[in-house]
Amino acid sequence: QKMAEDGLTLQMVRDSLIRQEDSIVFSLIERARFPLNSPMYHPSYGSLPGLSASLLQFFVKQTEAVQATAGRYENPEEHPFFPDNLPPSLVPHFKYPEVLHPAAMSININKVIWDMYFNKLLPLFVAPGDDGNYASTAARDLECLQALSRRIHYGKLVAEVKFRDEQKDYEPPIRAQDRDTLASLLTFADVEEAVKKRVAKKAMTFGQEVKLGDDGGKGKYKVDPAVVSALYGDWVIPLTKEVEIEYLLRRLD
Ligand SMILES: C=C(O[C@@H]1C=C(C(=O)O)C=C[C@H]1O)C(=O)O
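Residues numbered from 1 in each chain as written. Predicted model: local features only at pLDDT ≥ 70, side-chain atom pairs only at ≥ 80, totals over all residues. Heavy atoms only, no water.

(A) Local environment of the layout of surface pockets. The computed volume of the largest pocket comes to approximately 810 Å³. If you go around the largest pocket, you meet 29 residues; those closest to its centre are Glu74, Asn75, Pro76, Glu77 and Leu100. Among the residues forming the lining of the largest pocket, the class breakdown is 16 nonpolar, 6 polar and 7 charged. Of the voids in this model, the second largest pocket is the one considered here, and its volume is about 370 Å³. Along its surface, the second largest pocket is lined by 16 residues, and Gln57, Phe81, Phe82, Lys111 and Trp114 are the ones closest to its centre. Listed by contribution, the elements that provide at least two residues to the lining of the second largest pocket are α3 (55–69) and α4 (110–125). (1 Å grid on protein atoms, 1.4 Å probe; cavity = no way out; pocket = protein on both sides within 12 Å on 5 of 7 lines; lining within 4 Å. Points joined across faces, edges and corners; volume = space filled by probe spheres on them. Nonpolar A, V, L, I, M, F, W, Y, C, P; charged D, E, K, R; others polar. Helix = DSSP H or I, 4+ residues; strand = E, 2+ residues; numbered from the N terminus.)

See the structure below:
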């Protein structure tokens, strides 16, 4: 009956995930303009009023505080990386559609996304080196993190539509808190394959050198399409499914 209210369909949710691929690929391309710039990831670089935090951590916390004040986290699609002690929104309340079960609010896997991004992904697509552009680089990192986080937590909406479409199939494994059965119910291997191929193609299309006349830089991309495909196959898709499962486990609470 809720379905009629908000008209949400699996196709709409998938279209949004496809659109979000653009943001993810572009944010990776923008980050790849800068080398690793590792000093900003070391705790106690500079003299920051955040005690032992790295410059990057300081940057993210301060930016999230500003964005929280401007209402960013009022949107159920947004999840902060440092949710503790965020200031309240100071803008008038916007009535976002209430689509999800209230338990969705308790799910935030940004710690896992943070570790994956800095420890695994980053070294795969940025050049080594240091050009001193730490603030710009930190801003690009946060763009990547936020785009990835939004996509992965979109799993809540994916799970909600799948649950509504096949409530009878989902209820028994939810009651049994059976993760494996839920995982196989919500998996569509053909969709996953298409996603991995499409993001590689987007990395080729968006990351090519655009030239007039001769196609000089053929085969050279700003971010390796194979890395983008692996990012999705190894982390984005599995983490989206993890969010889907966490949501479904609480769906009947
Ligand atoms: C997101 C979905 O659920 C699962 C996860 C996918 C993904 O993260 O891209 C793709 C297919 C499903 O196995 C979906 O069905 O679209």
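(B) Molecular detail of the site of the ligand. With respect to spatial proximity, 15 residues lie near the ligand, and among them Arg14, Arg151, Lys162, Phe188 and Glu192 are the closest. Here Glu192 contributes a side-chain N or O atom positioned 2.5 Å from an oxygen atom of the ligand. A distance of 3.0 Å is found between an oxygen atom of the ligand and a side-chain nitrogen or oxygen belonging to Glu244. When the ligand sits alone it has 350 Å² of accessible area, and the protein chains cover 99% of it. (Near = heavy atom within 4 Å. Polar contact = N/O pair within 3.5 Å; in protein donor to acceptor, adjacent residues only side chain to side chain. Areas by Shrake-Rupley, 256 points an atom, 1.4 Å probe, with all protein chains shown as cover.)

(C) Fine view of the side chain of Glu246. On the secondary structure map, Glu246 appears in helix α10 (residues 225–249). Of the residues examined, Glu246 reaches a relative accessible area of 15% and is grouped as buried. A distance of 2.9 Å separates a polar atom in the side chain of Glu246 from a polar atom in the side chain of Arg250. Setting aside residues up to four positions removed in sequence, Glu246 forms contacts with Ile107 and Arg179. (Buried < 20%, exposed > 50% of the residue type's maximum accessible area, 1.4 Å probe, protein only. Contact = heavy atoms within 4.5 Å.)

(D) Examining the packing of helix α5 (residues 134–153) against α10 more closely. Look at α5 against α10: their axes get within 8 Å of each other, and the N-to-C directions meet at 50 degrees. Taken together, α5 and α10 sit at an angle that is classed as oblique. Across the interface between the two elements, Leu148, Arg151, Ile152 and His153 from α5 touch Leu231, Tyr232, Val236, Leu239, Thr240 and Val243 from α10. (Axes fitted to C-alpha atoms, helices over the stretch in contact; angles between N-to-C directions. Parallel < 35°, antiparallel > 145°, perpendicular 65-115°, else oblique.)

(E) Fine view of the nonpolar core. One finds Leu28, Tyr117, Leu121, Phe125, Leu148 and Leu231 to be the most contacted residues of the largest nonpolar core, which totals 41 residues. Mapped onto this core, the elements with two or more residues apiece are α2 (10–31), α3, α4, α5, α9 (189–206) and α10. The element contributing the most residues to this core is α10, with 9 residues. Look past the residues within four positions of Tyr117 in its chain and what remains in contact with it is Arg31, Leu122, Phe125, Asp141, Cys144, Leu145 and Leu148. In terms of nonpolar packing, the next biggest core, distinct from the first, is built from 12 residues, Ala159, Phe163, Ile174 and Tyr247 among them. (Core = buried A, V, L, I, M, F, W, Y, C linked by side-chain atoms within 4.5 Å.)

(F) Looking closely at the packing of aromatic side chains. Under the definition given, this model contains 7 aromatic pairs. Residues Tyr41 and Phe118 carry aromatic rings whose centres are separated by 5.4 Å and whose planes lie at 55 degrees to one another, so their mutual orientation is tilted. Of this pair, Tyr41 sits in the loop between α2 and α3 while Phe118 is found in helix α4, placing the two residues 77 residues apart along the sequence. Arranged with centres 5.3 Å apart and planes meeting at 80 degrees, the rings of Phe82 and Trp114 form a pair that is edge-to-face. Of this pair, Phe82 sits in the loop between α3 and α4 while Trp114 sits in helix α4, and the two are 32 residues apart along the sequence. Neither residue differs from the other here; Phe82 and Trp114 are each classed as buried. (Phe/Tyr/Trp six-rings, centres within 6.5 Å; stacked < 30°, edge-to-face > 60°.)

(G) The arrangement of the confidence of the model for the chain in detail. Averaged over the chain, the pLDDT score is 94; the fraction of residues at 70 or greater is 94%. Among the scores for the predicted complex, ipTM is 0.98 and pTM is 0.95. (pLDDT = per-residue confidence, 0-100.)

(H) Examining the environment of Ala53 more closely. Considering the arrangement of structural elements, one finds Ala53 in the loop between α2 and α3. Overall, the relative accessible area of 11% leaves Ala53 in the buried class. The spacing of Ala53 and Pro43 is 10 residues in sequence and 5.0 Å in space, taken between C-alpha atoms.

(I) Here's a closer look at the environment of Leu145. With respect to the secondary-structure elements, Leu145 resides in helix α5. A relative accessible area of 0% means that Leu145 is categorised as buried. Along the backbone, Leu145 and Ala70 are 75 residues apart, and their C-alpha atoms lie at a distance of 19 Å. Contacts of Leu145, omitting those with residues within four sequence positions, involve Phe81, Ile113, Trp114, Tyr117 and Phe118.

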